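Take a look at the letters that make up each chain.
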Amino acid sequence: MTGPGLPVLRGVCRVLGTAAARIYLTGCALLLGWALVAASDGSMAVVIPMFATIPSSLVLLLLLPEGDAMFLLSIVAGALINAMVIGWCARALRRGKTLDSAT
């Protein structure tokens, strides 16, 4: 039983399954965890994960309404979007290595 969204999910899992995407997501998760632990009322620690997930998180931050939850959502969604792009690029580069170089 295959639904219309199943190939899309397979593609997302395939792209996020690359080592580059997983390393990026792990780094973003560690930065976000550190920022949430280190953040106090006057701390700017949460800006570091935002910088790590630019440009996607910045676009989402501008589109979503204001609030702490939306700020965190923009960082998490931005990290996922960037990881998908990184994974797609890694897969495209890997496919480029297997092409016949004689032509």
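Residues numbered from 1 in each chain as written. Predicted model: local features only at pLDDT ≥ 70, side-chain atom pairs only at ≥ 80, totals over all residues. Heavy atoms only, no water.

Asks: I keep staring at the environment of A45 and nothing clicks. Help me out?
Replies: By secondary structure assignment, the location of A45 is in the loop between helix 2 (19-38) and helix 3 (47-52). Sequence separation of A45 and A35 is 10 residues, and the distance between their C-alpha atoms is 5.0 Å. If sequence neighbours within four positions are ignored, A45 has contacts with W34, A35, A38 and A39. (Helix = DSSP H or I, 4+ residues; strand = E, 2+ residues; numbered from the N terminus. Contact = heavy atoms within 4.5 Å.)

Asks: So what exactly am I meant to see when it comes to the nonpolar core here?
Replies: One recurring pattern in soluble globular proteins is that nonpolar side chains are buried together. Membership of the largest hydrophobic core is limited to five residues, which are A21, Y24, C28, A79 and A83. When contributions to this core are tallied by element, the ones reaching two or more residues are helix 2 and helix 5 (68-97). The element contributing the most residues to this core is helix 2, with three residues. Ignoring sequence-local partners within four residues, the contact set of Y24 consists of A52, T53, A79, N82, A83 and I86. (Core = buried A, V, L, I, M, F, W, Y, C linked by side-chain atoms within 4.5 Å. Buried < 20%, exposed > 50% of the residue type's maximum accessible area, 1.4 Å probe, protein only.)

Asks: It is not clear to me how the environment of V15 should be interpreted in this structure. Could you clarify?
Replies: Within the secondary structure, V15 sits in helix 1 (residues 6-16). Its relative accessible area of 13% is what places V15 among the buried residues. Distance from V15 to R91, taken between C-alpha atoms, is 7.3 Å for residues 76 residues apart in sequence. If we skip the residues at most four places from it in the chain, V15 touches A21, A83, M84, G87, W88 and R91.

Asks: I would appreciate a short explanation of helix 2 in the present structure.
Replies: Residues spaced three or four apart along an α-helix face the same direction, because each turn holds 3.6 residues. Between its terminal C-alpha atoms helix 2 stretches 28 Å, which fits the 28 Å expected from 20 residues at 1.5 Å a residue. Within helix 2 the residues assigned to the buried category are A21, Y24, C28, L32 and A35. Down the axis of helix 2, the smallest arc covering the buried residues is 65°, so these residues share one side. Away from the buried face of helix 2 by more than 90 degrees, exposed residues A19, R22, I23, A29, L30 and V37 are located. (Expected span 1.5 Å × (residues − 1). Arc of directions from axis to C-beta.)

Asks: What is the right way to look at the confidence of the model for the chain in this model?
Replies: Any segment with low pLDDT has predicted coordinates that should not be analysed in fine detail. Model confidence for the chain is summarised by a mean pLDDT of 83, while 86% of its residues fall at 70 or above. Considering each helix and strand of the chain separately, the mean pLDDT is smallest for helix 1, with a value of 76, and largest for helix 2, with 92. (pLDDT = per-residue confidence, 0-100.)

Asks: Explanation requested: unusual backbone geometry in the structure shown.
Replies: Glycine aside, the phi torsion of most residues is negative, and most peptide linkages are trans. Following I54, the chain continues to P55 via a peptide bond in cis, the omega torsion being 15°. Mapped onto the elements of the fold, P55 is located in the loop between helix 3 and helix 4 (56-63).

Asks: I would appreciate a short explanation of the side chain of T53 in the present structure.
Replies: When you line up the elements, T53 lands in the loop between helix 3 and helix 4. Of the polar contacts made by the side chain of T53, one reaches the side chain of S57; its length is 2.8 Å. With near-sequence residues (within four places) excluded, T53 lies in contact with Y24, C28, I75, G78, A79 and N82. (Polar contact = N/O pair within 3.5 Å; in protein donor to acceptor, adjacent residues only side chain to side chain.)

Asks: What is the right way to look at a nonpolar patch on the surface in this model?
Replies: Together, W34, I48, F51, I54, L58 and L62 line one region of the surface with nonpolar side chains, adding up to about 630 Å² of accessible area. For L58, the position within the fold is in helix 4. (Patch = residues over 30% accessible without salt bridge, like charges linked within 9 Å, V, L, I, M, F, W, Y side chains within 5 Å. Areas by Shrake-Rupley, 256 points an atom, 1.4 Å probe, with all protein chains shown as cover. Salt bridge = Lys/Arg side-chain N within 4 Å of Asp/Glu carboxyl O.)

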